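Architecture at a glance
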Amino acid sequence: MKKILFLSLAFLIFSCKSELKKENNDLADFNLYLQTKEDIDTIMITDISQNREVHKIAYKDTIKINFKDSINDLYNVWFFKNGKMVSSPMQYSQLWLNGKNIEIKGTIDKKLIIDTIIGSDLYYNTKRYQTEYKSLYKTNADSSEINTFLLKNIQDNFDNPFSLPIMSTYIFRNQNNKSKLKELHQLVNKQSDLLKNHSFFNYHKELEKKLRITELDIDSLDLQQKTGQIVE
């Protein structure tokens, strides 16, 4: 009796695993499910640099694409009719994604409206970061608190490119404070070469350049007045 019960349980577990594997096999790297009344004939999906992933295909409500590379970047999702972009302004058509077998569900109503993203925590992490960063300004947080927040989020996103625009914000805020820039450099210098050499977010080079500046010859600068006039 125990033997029969064990075999039945083993068969059930094997069946569940087989069914789960079958469902996963039905998913591509990038799976997009959309509803819209917009007149669209083509969809184009690219990484932000447009040098690794460029997929332009006929539009339909379910789109499945296998990428050449792993998914870990900022991606454009554009919609076209007769060669002209329609709907989805730039700020709504860019998605931070990482993971495998990512599923994106939403609608297009003058812009891309995301309902759910499955398989990529990065998308929701970027939304959380943006909300918290705005909140710090609204509550008049001091520079030290904001710097701590930025460094923590760089660390939290250490292995993905979203750390790079956060890094840019930190550099801008502390561009005249070399000790703060060195603190950032000590952290991000351990990032992978893939991130350091990102073809779009090249903020590692910007940081290195600022750290090399030892003097600034004010007499050699031309300054522009509000009227547009150039003065020495």
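Since the structure is predicted, the reported quantities are computational estimates derived from the model, not experimental observations.

Scoring rules and cut-offs
- Along each chain, numbering runs from 1 in the same order as the chain's sequence is written.
- Local features are withheld for residues below a pLDDT of 70 in this predicted model, meaning they are given only at 70 or higher, and side-chain atom pairs are given and counted only at 80 or more; totals for whole chains, interfaces and linings count all residues.
- Water and hydrogen atoms were dropped before computing side-chain values, which therefore reflect all heavy atoms in the structure.
- Only DSSP runs of H or I with at least four residues qualify as helices, and only runs of E with at least two residues qualify as strands; both kinds are numbered from the N terminus onward.
- Exposed residues in this analysis have more than 50% of their type's maximum accessible area, buried residues have under 20%, and partly exposed residues fall in between, with area computed by a 1.4 Å probe over protein chains only.
- Contacts are assigned to residue pairs that have any heavy atoms within 4.5 Å of one another.
- Computed by Shrake-Rupley with a 1.4 Å probe, the accessible areas treat only the displayed protein chains as cover when residues are assessed.
- Two N or O atoms form a polar contact when they lie within 3.5 Å of each other; inside protein one atom must be a possible hydrogen donor and the other a possible acceptor, and for residues adjacent in sequence the pair counts only when both atoms belong to side chains.
- For helices, the axis comes from a line fit to the C-alpha atoms of the stretch in contact; other axes are also lines fit to C-alpha atoms, and the angle between any two N-to-C directions lies between 0 and 180 degrees.
- The labels follow the angle: roughly parallel below 35 degrees, roughly antiparallel above 145, roughly perpendicular from 65 to 115, and oblique for the rest.
- Note on residue classes: Ala, Val, Leu, Ile, Met, Phe, Trp, Tyr, Cys and Pro are nonpolar, Asp, Glu, Lys and Arg are charged, and everything else, Gly too, is polar.
- Between Lys or Arg on one side and Asp or Glu on the other, a salt bridge is scored when a side-chain nitrogen of the former is within 4 Å of a carboxyl oxygen of the latter.
- Stacked, tilted and edge-to-face pairs are distinguished by plane angle, under 30 degrees for stacked and over 60 for edge-to-face with tilted covering the rest, among Phe, Tyr and Trp rings (Trp via its six-membered ring) whose centres lie within 6.5 Å.
- Criterion for a charge above a ring: Arg CZ or Lys NZ at most 6 Å from the ring centre, at most 35 degrees from the ring normal.
- Each patch is assembled from residues with relative accessible area greater than 30% and no salt bridge, linking like charges that lie within 9 Å and nonpolar side chains (Val, Leu, Ile, Met, Phe, Trp, Tyr) that lie within 5 Å.
- We call two strands paired when DSSP finds no fewer than two bridges between them.

1. Quick word on the overall build of the protein chain
- Helix and strand counts for the protein chain stand at seven helices and 11 strands.
- Taken across its 232 residues, the protein chain has 35% of its residues classed as buried.
- A fraction of 55% describes how many contacts in the protein chain between residues 6 or more apart in sequence connect residues 24 or more apart.
- As displayed, the protein chain offers around 15300 Å² of accessible surface, 52% of which is attributable to carbon and sulfur atoms.

2. What to know about the side chain of Asn153
- One can find Asn153 in helix H3 (residues 143-156).
- Overall, the relative accessible area of 2% leaves Asn153 in the buried class.
- Reaching out from Asn153, the side chain makes a polar contact with the backbone oxygen of Phe149 at a distance of 2.9 Å.
- Among all residues touching Asn153, those that are not within four sequence positions of it are Arg128, Tyr129 and Ile166.

3. Re the packing of helix H2 (residues 121-138) against H3
- Remark: H2 packs on H3, axes separated minimally by 11 Å, with the N-to-C direction vectors making an angle of 170°. The orientation of H2 relative to H3 falls into the category roughly antiparallel. Note on element contacts: H3 touches H2 through Glu145, Ile146, Phe149, Leu150 and Asn153, opposite Arg128, Tyr129, Glu132, Tyr133 and Leu136.
- Considering only residue class, the contact of H2 with H3 consists of six nonpolar, one polar and three charged.

4. Focus on the pattern of salt bridges
- A full pass over the atoms with the stated rule returns five salt bridges.
- The partner of Arg128 in a salt bridge is Glu132, and the shortest N-O contact between them spans 3.2 Å. With Arg128 and Glu132 both in helix H2, this residue pair falls four residues apart, about one helical turn.
- Residue Glu132 is classed as partly exposed on the basis of its relative accessible area of 34%.
- Its salt-bridge partner being Asp156, residue Lys152 comes within 2.8 Å of it at the nearest N-O pair.

5. Regarding the packing of aromatic side chains
- Counted under the stated rule, the structure contains 13 aromatic pairs.
- Centre to centre, the rings of Tyr133 and Tyr137 are 5.3 Å apart; their planes meet at 85°, and the pair counts as edge-to-face. Taken as a pair, Tyr133 and Tyr137 lie in helix H2 at a separation of four residues, close to a single helical turn.
- On the basis of relative accessible area, Tyr137 is assigned to the partly exposed category, the value being 43%.
- Between Phe200 and Phe201, the ring centres sit 4.9 Å apart and the planes meet at 85°, which makes this aromatic pair edge-to-face.
- Phe200 gets classed as partly exposed once you look at its relative accessible area, which sits at 43%.
- Exposure remark for Phe201: the relative accessible area of 6% places this residue in the buried category.
- Feature note: the residues Trp96, Tyr129, Tyr133, Tyr137, Phe149, Phe162, Phe200, Phe201 and Tyr203 constitute an aromatic cluster, connected by ring pairs.
- One residue, Lys56, lies across the ring of Phe80, its end atom 5.0 Å from the ring centre.

6. A short note on a nonpolar patch on the surface
- On the surface, a cluster of nonpolar side chains totalling about 270 Å² of accessible area is made up of Ile218, Leu221 and Leu223.
- Position of Ile218 among the secondary structure elements: in the loop between helix H7 (203-212) and strand S10 (223-224).

7. Notes on the pairing of strand S8 (residues 102-108)
- Taken across its seven residues, S8 has five buried, putting it largely inside the fold.
- Where S8 and strand S9 (residues 112-118) come together, six bridges link them in antiparallel fashion. Looking at the pairing, Gly106 lines up with Ile114 of S9.

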